[in-house]
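A look at the structure
One letter stands for each residue in the lines below.
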Amino acid sequence: MPPKRRVVTSLITALLVAAMPVLASIYLAWMESYTMEKTLSLTYAQDVLRRIEATSSQFEEAQQKAAQAKVTPCSPDDMRLLHTIDFGASHIKATGRVAHDTLLCTSQGVMNPAALGKPDLTTAQGVTEYLNKQLSPPPARPLNVFASNGFAVLVDPNLAVSVSTEGPDVELAVLVPSAAQSGPIAVIGQNLPANWLEPVPQGGDSTFIDAGYLVSHIQSAKWDVAVVAATPQRYINDRMRHFALFFVPVGALCGVLLSFTVSLATRMHSSFPAMLRRAIKEKNFCVVYQPVVDLSTRRVIGAEALVRWRSDYAEIRPDYFIPQAEECGLIQLITKQVVTIVGRDLPQFLKLDPDFRVAINMSAADLCDEHTVEMLDGLLAASGALPKNIEVEATERAFLQGPGTASILDTIRSKGFTVAIDDFGTGYSSLACLQTLSLDTLKIDRAFVETINTDGATSQVVLHIIEMARSLHLDIVAEGVETEPQAQYLFKRGVLYAQGWHFGRPMDIAHLREGIRLSMESKLAAFIAEPTRTTVGDEPSSLLTFR
Ligand code: G
Ligand code: G
Ligand code: MN
């Protein structure tokens with residue numbers, strides 16, 4: 001990518017990454033406001049419903065009292081009764097008697113019969129309702145008359161709906177669901193759209209946004225009544241602005257931090273080859289050695305050299321940088337440094353054990369290049385080692401890189417170096433390798449050693465690998481041996497060599513020297529038998545772990 005385009009791309013990425021938490025915080029602010037407004041609007045509706053339910057209960061109770069009394073309607077006895085009932089019912093303005101759509105008398109006194117006209121509706125409970133009747137001249141307000149069996153109550157339509165609300169523009173309506181077509185029996189606000197009044201299940205509620213309002217509709221569980229409360233949607237927006245004052249700066253801060261982290265990670269990633277190059281130039285690689293043990297004598301007879309990158313910040317493991325080094329063509333420079341270090345260390349091992357063997361990992365690029373042979377010759381010259389002291393170790397992937405590889409391997413073997421196939425059994429063509437290549441050693445991958453003494457599906461595979469290696473007269477090294485039973489199992493089946501945490505983790509040269517020395521004195525076997533030896537945590541015991 002051209003540099004200019006890369007700058008633009010990373011700038012856009014940074015902006016997008018920074019914008020995400022901000023957008024999330026706006027969404028959060030909106031959700032928070034919506035939830036609060038929804039709760040408020042439901043509270044208004046519940047408030048109104050509670051009052052209407054109280055009125056309905058009082059009406060029911062009053063009607064029962066009136067029915068039990070058995071007095072002549074509007075007689076002096078009845079007037080006293082009506083007055084007593086009215087007095088005890090806080091939500092009722094007055095009680096009265098009706099017949100043939102005419103109000104005959106009320107608890108306020110005998111009056112000229114007042115024609116109520118046709119009833120506006122009749123509820124499911126059989127209550128006849130006459131709405132907004134101007135029974136006394138203004139300024140007295142119109143009243144709702146609810147009648148049943150000749151008994152009536154007069155109710156102020158505004159009493160139920162006059163709840164105190166957060167803003168002035170909250171709309172409220174009271175409905176009789178069984179007579180929904182007659183419209184609301186009490187309203188505060190504009191005419192409410194018909195779809196707001198559509199029934200909800202008895203005892204249920206629903207909240208939705210429509211025509212700029214947040215609408216809550218609830219229906220009584222007991223009575224034939226429902227309430228709609230609508231708050232303007234802008235209340236949500238106002239509230240959201242308020243929340244946003246808190247959420248958005250926090251989101252923006254997160255966005256900036258995230259953007260910074262992402263761009264840092266991107267920059268580190270894109271400059272990884274540059275970092276690797278610098279590490280090679282500054283020789284920041286070192287080598288640790290994992291001991292290889294002879295299972296019959298339990299002596300350390302060799303070791304695998306494993307490269308480590310000590311950067312300014314951390315020790316980077318080869319699993320991470322070897323594939324990248326292979327990809328950007330830097331692996332041979334790393335191999336060269338490993339070989340140089342091994343050449344420097346080898347004399348110290350050979351002084352203790354002239355037959356000691358160090359295995360060096362090689363990649364595909366190493367095995368395609370004739371210079372590798374020269375490099376190995378250089379290693380012998382520098383260390384005074386013999387070819388038998390060096391093993392070249394590579395995975396099948398590295399071996400199968402074309403015809404050049406086979407001839408270089410042949411040259412290496414003809415000089416007396418040994419060649420090992422690493423991680424055997426994990427690739428696709430391990431068998432093909434055995435057929436086409438001339439090898440000395442087969443290293444059984446850790447994955448198969450792990451399954452020993454388990455009933456896993458592949459627990460038998462290790463036996464077949466051992467069989468195959470023996471029929472081809474290959475030395476076998478089992479990798480990843482973590483327990484004594486694994487070691488015993490392998491030894492019983494003819495595996496001579498092993499490496500793994502049971503014998504030693506990768507260690508520095510000083511510790512390996514100590515391990516060789518101990519094992520030469522046969523102290524290692526005694527060490528294995530030591531019953532009081534403790535292990536740390538769940539880590540497999542390791543005889544040569546000195547760190
Ligand atoms: O034990 P460790 O985590 O170091 O091993 C990780 C992997 O890195 C192993 O599979 C090993 O083969 C590989 N490796 C270790 N050192 C080298 C090296 O010097 N060259 C190459 N090509 N691979 C290595
Ligand atoms: O190249 P090779 O696959 O040999 O690399 C060996 C890898 O396995 C390294 O990462 C090394 O640290 C790791 N290793 C070595 N011995 C053991 C062991 O006994 N158990 C486990 N889990 N890992 C091991
Ligand atoms: Mn290896």
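Attention here is on the structure that accompanies the text. (Residues numbered from 1 in each chain as written. Chains lettered and ligands numbered in written order. Predicted model: local features only at pLDDT ≥ 70, side-chain atom pairs only at ≥ 80, totals over all residues. Heavy atoms only, no water.)

**Quick look at the site of ligand 2**
The environment of ligand 2 is formed by 14 residues, the closest being Asp 423, Arg 446, Glu 479, Glu 482 and Trp 501. At 2.9 Å, a side-chain N or O of Gln 290 approaches a nitrogen atom of ligand 2. Here an oxygen atom of ligand 2 and a side-chain polar atom of Glu 479 are 2.4 Å apart. In isolation ligand 2 has 520 Å² of accessible area, and contact with the protein removes 82% of it. For the shell around ligand 2, the residue count by class is three nonpolar, four polar and seven charged. (Near = heavy atom within 4 Å. Polar contact = N/O pair within 3.5 Å; in protein donor to acceptor, adjacent residues only side chain to side chain. Areas by Shrake-Rupley, 256 points an atom, 1.4 Å probe, with all protein chains shown as cover. Nonpolar A, V, L, I, M, F, W, Y, C, P; charged D, E, K, R; others polar.)

**Notes on the nonpolar core**
In terms of nonpolar packing, the biggest core is built from 78 residues, with Tyr 289, Phe 321, Phe 399 and Leu 490 touching the most fellow members. The biggest single contributor to this core is helix 7 (residues 331-352), with nine residues. Residue contacts for Phe 321: discarding those within four places in its chain leaves Phe 272, Leu 276, Phe 285, Val 307, Arg 308, Trp 309, Ile 316 and Ile 334. Ala 66, Leu 81, Cys 105 and Ala 229 belong to the second-largest nonpolar core, a separate cluster that totals 39 residues. (Core = buried A, V, L, I, M, F, W, Y, C linked by side-chain atoms within 4.5 Å. Buried < 20%, exposed > 50% of the residue type's maximum accessible area, 1.4 Å probe, protein only. Helix = DSSP H or I, 4+ residues; strand = E, 2+ residues; numbered from the N terminus. Contact = heavy atoms within 4.5 Å.)

**Thoughts on the environment of Glu 53**
With respect to the secondary-structure elements, Glu 53 resides in helix 1 (residues 3-69). You can call Glu 53 partly exposed: its relative accessible area is 23%. C-alpha separation for the pair Glu 53 and Gly 126, spaced 73 residues apart in sequence, amounts to 16 Å. Filtering out sequence-adjacent residues up to four positions away, Glu 53 remains in contact with Ser 220, Ala 221 and Trp 223.

**Some remarks on the site of ligand 1**
Residues in close proximity to ligand 1 include Leu 306, Val 307, Arg 308, Arg 317, Pro 318, Asp 319, Ile 322, Val 338, Asn 361, Met 362, Ser 363 and Asp 422, which together make up its full environment. A distance of 2.5 Å separates an oxygen atom of ligand 1 from a polar atom in the side chain of Arg 317. Relative to its unbound accessible area of 500 Å², ligand 1 is 83% covered by the protein chains. Mapped onto the shell around ligand 1, the elements with two or more residues apiece are strand 14 (299-310) and helix 6 (318-327).

**Points about the pairing of strand 1 (residues 94-99)**
Where burial is concerned, most of strand 1 is hidden: five out of the six residues are buried. One ladder, built from four bridges, connects strand 1 with strand 7 (residues 151-155); its direction is antiparallel. Directly across from Thr 95, in strand 7, lies its bridge partner Val 153. Between strand 1 and strand 2 (residues 102-106), which follow one another and run antiparallel, lie two residues, and His 100 among them has a positive phi close to 45°. (Pairing = 2+ DSSP bridges.)

**Focus on the coordination of the manganese ion (ligand 3)**
Protein coordination at the manganese ion (ligand 3) comes from Glu 304 (OE), Asn 361 (OD1), Glu 393 (OE) and Asp 422 (OD), with a distance range of 2.1 to 2.5 Å. Written as a sequence motif, the donor arrangement for the manganese ion (ligand 3) is E-x56-N-x31-E-x28-D. Of the two residues, Glu 304 is situated in strand 14 and Asn 361 in strand 16 (residues 357-361); the sequence distance between them amounts to 57 residues. Classification of Glu 304 by relative accessible area gives buried; the value is 4%. Judged by its relative accessible area of 29%, Asn 361 falls in the partly exposed class. (Donors = N, O, S within 2.8 Å, 3.2 Å for Na, K, Ca; no water.)

**Considerations on the sheet that holds strand 9 (residues 186-188)**
Strand order in the open sheet formed by five strands is 9-8-12-11-10, with antiparallel pairing between adjacent strands. Strands with a single pairing partner mark the edges of an open sheet, and in this sheet they are strand 9 and strand 10 (205-210). Along the sheet, successive strands turn relative to each other by an average axial angle of 15°, direction set aside. Pairing geometry for strand 11 (residues 213-219) and strand 12 (residues 226-232), over seven bridges, is antiparallel. Pairing of Gln 219 across the sheet is with Ala 226, part of strand 12. (Axes fitted to C-alpha atoms, helices over the stretch in contact; angles between N-to-C directions.)

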